[in-house]
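Examination of the molecular architecture
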Amino acid sequence: MSERFSRATGTSLVGGAESHTSRSLTAMLGTVAGMAAVLALFPLWLGDSRVLMGVAILGLAFASYAIGFNLIFGSTGQLFLCVGALAGVGGYSATILADRAGLPVLVSILAATLLAGVTGGLLSWIAVRRSLGVIFTGIVTLIFALSFENLLLGLSGVTGGDAGLQIGAGSGTFLREQIAPYYLMLALVVVFLIVHGLLRRSHVGWAFRALRDDEVAAELAGIDVARYRVYGALVGAAMLGMAGATYAFTAGRVSPTTFGFAQVDVVVIVMLAFGGIGTLLGPILGAVVFTAIDEVLIEFGQLRLLAYGVLIIVLFLWIRRGMIPTLRALIGRRGGPPNRRDTTAAHTPSTGPG
Amino acid sequence: MLEVAGLSAGYQGNDVVHELSFHVDEGETVMIIGSNGAGKTTLFRAICGLLPSSSGQVTFMGTDISALAAQRIVRLGIGFVPAERHLFPRMTVGEHLALGAYPHRPDPETMRVVLDLFPRLEERRRQVAGTMSGGEQQMLAVGRALMANPRLLVLDEPTTGLAPKLASEAYRALDVLRGQGLTILVAEQQVPLALAISDRGYVLENGVIGLDGTSEELAADPRVRAAYLGVT
Amino acid sequence: MTASILDGIVLGLQFGVLATGLTLVYGLGGVLNLAYGQMAVISAMVVLLAMDAGVPLLAAVGLGLLAGGLLGLLLDVTILRPVYRLQGEARVLLSLLLSLGVAFIVDGFLNWRFPLRGLSLRVGGEAVEILGVRMRTGSLVASGITLLVLAVLFYLFRFTRLGRAIRSVIENEEGARLVGIDPHHMLRIILVLSGVLAAIVAVTRSMVAPVNVRAGFSITVLALIVTVVGGLGSISGAFLAGLVLGIINSIASAYIGTFLSLIILLVAAALTILIRPAGLLGVRE
């Protein structure tokens, strides 16, 4: 019994118990639209500086990454420490398809998305088949991430090694402009949020919550834990791949550090932990705050890493559940602090076991 | 020697035992009997510091041990043999016994006493615990607890998984220890065995003490006879 | 080929000691210390700075070992308290995250303060020929020290009261409590020991190749790989896996380069997790 208990606490440790499907569809869409409107205003403020717009675009890329990770970890409880690598699968394969194989940019992006999605789904399937717990899933995906990074470095003939690849495809189009790519990435973020939001409200989301909270009970209730985990990872990884590929074309180049563990995964984890794992807008809040913080920290060179270290410790010791749940609890929203077993869901699935 | 007052304990906020009070005097052998799920293991774990209690107090030889961790309680003189035994699978019998006396150096005299009590352990001194049979493991668990020269020996269902012959043998050993003056508190489902060596007993049902009395009284009680001695 | 194998053995012994530190901490406390590589690097930097300040070699090394041990103690005092309140997977996860934070703090600080520095201990003497291969004295001294450490560890765990107590906590934490052992106290000792072991690896490695201030995370990853393959919690597993992987790494590097040979090691760890999670000699939970 304690085994089961400790399996469930793995994600609730980091606050993965958010589930406010009690919000109506219009409310959710409204919130997303509101947030999109606010973000859409940023170029008015930053639009003059190419550097700052670049930072903002990267920030949106990270927001997408965070949404994908949120889906994989927050919703289905799989600790995938290969966020950067999956985005990299997207970014590099799109680049190679567009530049080497001459495929149109859009096709390259779609193919890259598919490839990343399949990779994520495969990793999840392996983890599920071998019943890997949270830790071993984390280690295996970390191994994947490190292997991917070393592969990029080792096969320099194909991947440009340390220096990476300059991307020819897409240059001269709106993709390389100063402001237009921002709205493209914002569109991606909005789409991802809506997809995530819809998933959460569907019977798929209900299954996600059940299996994340108590795997054994979910299994006994007839939920095919394996299938939903793989679905979650597939969709999440596809998001990561699409974001990585699209970002690559806006940036004009890819290199191992664009998608490295230290550069991406660590930051995404911090962003999401801050914003609130499992919440809808947590990734956005985290991305905005930490993109800003990071810009400031860049000045400090290596001390930036030190600052991140402090942030991680503070986050996981004190603001465990993330800002959004913490704020919610303070304001006393309907449902209060989320329980591990969510009984406040107003939405009852029409399908599923009785 | 051991005073339990109003002790409640359980898991994840749900109490399994409710406001239990009982005592064990020096030199006595006291049994706690009850069916599965009655709360015997929860009770013993709470007393011995492996489980936090939600309320109540446990006093051992005048010291309040309610909030102490297991390793501190053991050093005060309580030897606990849990139902799961908690042996060290890859360590030898000899190492177990040496570890039993951990807070002090292993005392050759005590070692001799334990080995005399369980000659089979002496034969298997170099054998690794994981490869031993259930009966031998039980002996080892008791022997390990005895190495610290405890004032009070607490055993949780020592006959679990033992063949009847071995179960009797185990209780014969306990009887010897009792004869040497050791205070014993034992939880047992196989009531006749426990009755044979106990002075007093408590009947635990659904987390509360339903009955108590001397062994003679309990043995004669019709409810006890019906529920635990198979007499209708 | 023989040269690669011999180099592999030298490297493998280092891997073994390195992994021992990590596997002990996990086996005993159920805690994953991702700041392990930084323990090695901090020790290397302390030795470097001490030597810069004119401190004689042996004393400098002593200071380095002390530094490693102290970082272990610091980890115990700071982040282990909240970690120990949890059990099982939650404990590993939190320890992973918090130690990662510490790793970042140490790494960031060291790289900021001592950028591009590295420890390199020159061991004098003629190269010795073994099996037709010229081995540098540095490699031989490093291996010798490592074997000595191995012997000391073996003696400690097999024959001393403390060693027995430590093993008992690894075998069964509750059982250890029942004989009066405080698992947290033992973990503290093990953390200090792991820091010292990391320091020893840093110092001996520096006799063969420079230990860079940026090497922290690579060291942790290597330690993790060997630990996983050897079996979490098994010292003999750590050494066996260390030797095997050291030799494989050495041979592979010679033929396909460092990046790709690291992939082989990573894949070996992944395969271990997928096929035999207990590792070569680990205990099945």
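None of the values given here were measured: they were computed from a predicted structure.

The rules we used
- Residues numbered from 1 in each chain as written.
- Chains lettered and ligands numbered in written order.
- Predicted model: local features only at pLDDT ≥ 70, side-chain atom pairs only at ≥ 80, totals over all residues.
- Heavy atoms only, no water.
- Domains from an automatic or database assignment.
- Contact = heavy atoms within 4.5 Å.
- Salt bridge = Lys/Arg side-chain N within 4 Å of Asp/Glu carboxyl O.
- Polar contact = N/O pair within 3.5 Å; in protein donor to acceptor, adjacent residues only side chain to side chain.
- Helix = DSSP H or I, 4+ residues; strand = E, 2+ residues; numbered from the N terminus.
- Nonpolar A, V, L, I, M, F, W, Y, C, P; charged D, E, K, R; others polar.
- Buried area = accessible area lost by both parts, 1.4 Å probe.
- Axes fitted to C-alpha atoms, helices over the stretch in contact; angles between N-to-C directions.
- Parallel < 35°, antiparallel > 145°, perpendicular 65-115°, else oblique.
- Left-handed = near helix turned anticlockwise from the far one by under 90°.

Focus: the domain arrangement of chain B
Residues and elements named next belong to chain B. What the domain assignment lists for chain B is domain 1 (1–77 + 153–232) and domain 2 (87–149). On a C-alpha basis, the centroid separation for the pair domain 1 and domain 2 is 23 Å. Contact with domain 1, which involves eleven residues of that partner, is made by eleven residues of domain 2. Remark: the boundary between domain 1 and domain 2 carries one salt bridge. For glutamate 169, the salt bridge goes to arginine 120, with nearest N and O atoms at 3.5 Å. Where domain 1 touches domain 2, the interface holds zero residue pairs in polar contact (both at pLDDT 80 or more). Per element, the largest residue contribution to the side of domain 1 that touches domain 2 is five residues, and it comes from helix 7 (residues 164–179). Tallied by class, the residues present in the side of domain 1 that touches domain 2 amount to nine nonpolar, no polar and two charged.

Some details on the interface of chain C and chain B
Counting from both sides, the interface comprises 21 residues of chain C and, opposite them, 23 residues of chain B. Taken together, both faces of the contact between chain C and chain B bury some 2100 Å²; the carbon and sulfur share is 56%. The interface formed by chain C and chain B holds three salt bridges in total. A salt bridge links glutamate 174 of chain C to arginine 45 of chain B; its shortest N-O distance comes to 2.9 Å. Scanning the region where chain C abuts chain B turns up ten residue pairs in polar contact (both at pLDDT 80 or more). Residue assignment for the side of chain C that touches chain B shows that the elements contributing at least two residues are helix 6 (161–171), helix 7 (173–178) and helix 8 (183–205) of chain C. Element by element, the count of residues in the side of chain C that touches chain B is highest for helix 6 of chain C, at six residues. Across the side of chain C that touches chain B, the residue classes tally to nine nonpolar, four polar and eight charged.

What about the packing of helix 3 (residues 57–84) of chain C against helix 4 (residues 88–113) of chain C?
Residues and elements named next belong to chain C. Interhelical geometry of helix 3 versus helix 4 gives an angle of 150 degrees and a closest axis separation of 9 Å. Overall, the two elements helix 3 and helix 4 adopt an arrangement that is roughly antiparallel. In terms of crossing hand, the pair formed by helix 3 and helix 4 is right-handed. Contacts from Leu75, Ile79, Pro82, Val83 and Tyr84 in helix 3 reach Arg91, Leu94, Ser95, Leu98, Ser99 and Val102 in helix 4. Split into classes, the residues belonging to the contact of helix 3 with helix 4 amount to eight nonpolar, two polar and one charged.

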